[in-house]
Amino acid sequence: MHERQSVEALVHSMTQQLKRFLADKQRHDIEFIGIRSGGVWVAQAIQAELGNQQALGELDISFYRDDFTRIGLNPRVTPSSLPFATENKHLILCDDVLMSGRTVRAAMNELFDYGRPASISLAVLVNLGRPELPIQPDIVGANLSLQQNERIKLMGPSPLTLEIQQTEVSPPDQQA
Amino acid sequence: MQTPIQLNESGQLKHFLTVSGLSKSLLTEILDTADSFIEVGERNIKKVPLLRGKTVVNLFFEPSTRTRSTFELAAKRLSADVLNVNISTSATSKGESLSDMLRNLEAMASDMFVVRHSQSGAAHFIAESVTPGVAIVNAGDGWHAHPTQAMLDMLTIRQNKGRFEGLKVAIIGDILHSRVARSQIRALNTLGAEEVRVIAPNTLLPLHVSSLGVNVFNDLTEGLKDIDVVIMLRLQRERMQGALLPSEQEYFQLYGLTREKLKHAKPDAIVMHPGPINRGVEIESEVADGKQSVILDQVTNGIAIRMAVMSMAMSGQATAAKHAP
């Protein structure tokens, strides 16, 4: 059983929040980075709405996960690609779903291996609000709370839709 | 199955001993994973935390510079701790048996042994007797196999040619003593190369070599026709017993790769050599350093391939241990 929801309105809201956020903080020198694969789609959607044509950074965090010894290496790891220098840049890190914060921790560790950014801000399409680490988003499309047996997944790249799936048992090692 | 010992219950790599018996999809997974590690090697900080807290022991019973140092660098870039055991000065020369030495190294909580040995089957033997959870990677055993060298060569071919289908590859020189050639032939055939040729005098070819799935040529010029990839092998003087060759000069005249002879291959053919190169014996300097040479790319790719194989084997051990009763 699942239901699908369009994300257009959420992306629009995120873009407006981001504009205000950047104006408040007076940040101009920004770069977008998406966590594969859902985060890349979210970043692309925000960039499209902003009319931002800058090259997008893409992170594959497989080499930085904290559960390597439990679930092993992702057999479909792809090279991360950062087509710009991150040094002293304000980075907008985008992901589809924020749950425990472990993926964001892994992504931040990876980003620091490329250099020392001026700042990293976090933009997520959906915040499930179950932090296991002190990580909070700066830009949020929607706050959602799911039942233990539900999981949410961003389907894409075109069209982007959110799908809530009911699972038999709650996934033990889901990292989001 | 020839070597189920390499795989865990889910069919993932847990040791890497030979390319024989591994599927095309698993070999492709190794190449794809290595591609991601190449990107890591281009960063400011060329290190990922994947094997943090793991201990890798380089167990080299035979001298090696390139292979040992790239394995060491690969392990360090995966954040593992690395121990290099120099066998000639170790206790095996004081009479300690191999098994006893391994037990002692395992007692230091080692997680992986990278083994090079002059006896064929040495890595296999160690993999059979090692404590569960410890991964073995073959860094060359006798005349048998050198799987990481073969895979870094496959990565170099794929980088330059984009594919294996339709490729004609020639391996030239001392096939008889070459574990590299045996592993390359297996990998090329599994990955779908159109034709693999070996070019050598009969004295440097193993008996029944064509049963490995190769076409045999004794004449270099003839064998190079239509070739996309030229792989030169080193003349392994140290393994030769008896007079297999009249002289190095005559060998160079017949089988040495010169600019003139290379013209018989396709104009965009690449030239590879596993190193160390004997300039003027199997390859002319102008070719080794020339535009078609990818010999130094092979060394760079060696680090990425070894990072891929080590992390995949450690991953296969971790998930195998999880499934164990």
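Let me sum up the structure you'll find in this document.

Conventions we followed
Residues numbered from 1 in each chain as written. Chains lettered and ligands numbered in written order. Predicted model: local features only at pLDDT ≥ 70, side-chain atom pairs only at ≥ 80, totals over all residues. Helix = DSSP H or I, 4+ residues; strand = E, 2+ residues; numbered from the N terminus. Rg over C-alpha atoms; globule rule 2.2 N^0.38 Å. Buried ≥ 20, exposed ≤ 12 C-beta atoms within 10 Å, placed from the backbone. Contact = placed C-beta atoms within 7 Å. Pairing = 2+ DSSP bridges. Axes fitted to C-alpha atoms, helices over the stretch in contact; angles between N-to-C directions. Nonpolar A, V, L, I, M, F, W, Y, C, P; charged D, E, K, R; others polar. Core = buried A, V, L, I, M, F, W, Y, C linked by C-beta atoms within 7 Å. Expected span 1.5 Å × (residues − 1). Right-handed = clockwise from strand over helix to strand, strands pointing away.

## A short note on the overall build of chain A
So, point 1. Per the secondary structure count, chain A includes four helices and eight strands.
So, point 2. Over its C-alpha trace chain A gives a radius of gyration of 16 Å, about what one expects of a compact globule, namely 16 Å for 176 residues.
So, point 3. Based on the C-alpha atoms only, the size of chain A along its principal axes is roughly 45 × 35 × 30 Å.
So, point 4. Classification of the 176 residues of chain A by burial places 40% in the buried group.
So, point 5. Counting contacts in chain A only where the partners sit at least 6 residues apart, residues at least 24 apart contribute 69% of the total.

## Remarks on the overall build of chain B
So, point 1. A tally of helices and strands in chain B yields eleven helices and nine strands.
So, point 2. The C-alpha atoms of chain B give 20 Å as radius of gyration, which agrees with the globular expectation for 325 residues (20 Å, within 12%).
So, point 3. Overall size of chain B, expressed as C-alpha extent along the three principal axes, is 60 × 45 × 40 Å.
So, point 4. A total of 325 residues make up chain B; the buried ones form 48% of that total.

## A short note on the environment of B:Gly302
Residues and elements named next belong to chain B.
So, point 1. When you line up the elements, Gly302 lands in helix H11 (residues 295-323).
So, point 2. A C-alpha to C-alpha distance of 18 Å links Gly302 and Gly162, two positions 140 residues apart in sequence.
So, point 3. When residues no more than four places from it in sequence are discounted, the contact partners of Gly302 are Thr70 and Leu152.

## Let's talk about the sheet that holds strand E2 (residues 30-35) of chain A
Strand pairing in a sheet takes place through backbone hydrogen bonds and is either antiparallel or parallel in direction.
Residues and elements named next belong to chain A.
So, point 1. Taken in spatial order, the five strands make up an open sheet running E3-E2-E4-E5-E6, and their pairing is parallel. At either end of the open sheet lies a strand with only one pairing partner, and these are strand E3 (57-59) and strand E6 (139-143). When strand polarity is set aside, the average angle formed by the axes of neighbouring strands in this sheet is 25 degrees.
So, point 2. Pairing between strand E4 (residues 90-98) and strand E5 (residues 119-127): eight bridges, direction parallel. Following the sheet pairing, Ile92 is matched in E5 by Ser121.

## Focus on the interface of chain A and chain B
So, point 1. Contacts between the two partners involve 17 residues from chain A and, on the opposite side, 20 residues from chain B.
So, point 2. Grouping the amino acids of the side of chain A that touches chain B by side-chain chemistry returns nine nonpolar, five polar and three charged.

## With respect to the nonpolar core
Residues and elements named next belong to chain B.
So, point 1. By size, the foremost hydrophobic cluster in this structure holds 145 residues, and its most contacted members are Ile172, Val230 and Met310.
So, point 2. Considering each element in turn, this core owes the most residues, twelve residues, to H11.
So, point 3. With residues near it in sequence (within four places) discarded, Val230 still touches Ala170, Ile172, Leu224, Leu257, Ala265, Ala269, Val271 and Met272.

## Considering helix H2 (residues 38-50) of chain A
All names here are of chain A.
So, point 1. Helix length check: H2 (13 residues) gives 19 Å between terminal C-alpha atoms against 18 Å at 1.5 Å per residue, within 8%.
So, point 2. Three or more residues of H2 are buried, namely Gly38, Gly39, Val40, Trp41, Val42, Ala43, Gln44, Ala45 and Ile46.
So, point 3. Those residues of H2 hidden inside the fold are in contact with helix H1 (8-25), E2, E3, E4, E5 and strand E7 (150-155).
So, point 4. Gly51 lies just past H2 and shows a positive phi near 70 degrees.

## A few points about the pairing of strand E2 (residues 81-86) of chain B
Residue and element names in this part refer to chain B.
So, point 1. Strand direction decides the pairing type here: strand E1 (residues 55-60) and E2, joined by six bridges, are parallel. When the bridges of E2 are listed, Thr55 appears paired with Asp81.
So, point 2. A crossover connection joins E1 to the parallel E2 through helix H2 (residues 66-77); in handedness this β-α-β unit is right-handed.

## Regarding the sheet that holds strand E9 (residues 270-272) of chain B
Residue and element names in this part refer to chain B.
So, point 1. Across the sheet, which stays open at both edges, the five strands sit in the order E7-E6-E5-E8-E9 with parallel pairing between neighbours. Looking at which strands have only one partner, the edges of the open sheet turn out to be strand E7 (215-217) and E9. Averaged over all neighbouring strand pairs, the angle between strand axes comes to 20 degrees, with direction disregarded.
So, point 2. Relative to E7, strand E6 (residues 195-199) is paired through three bridges, and the arrangement is parallel. Residue pairing in the sheet places Arg197 in a bridge with Asn215 of E7.

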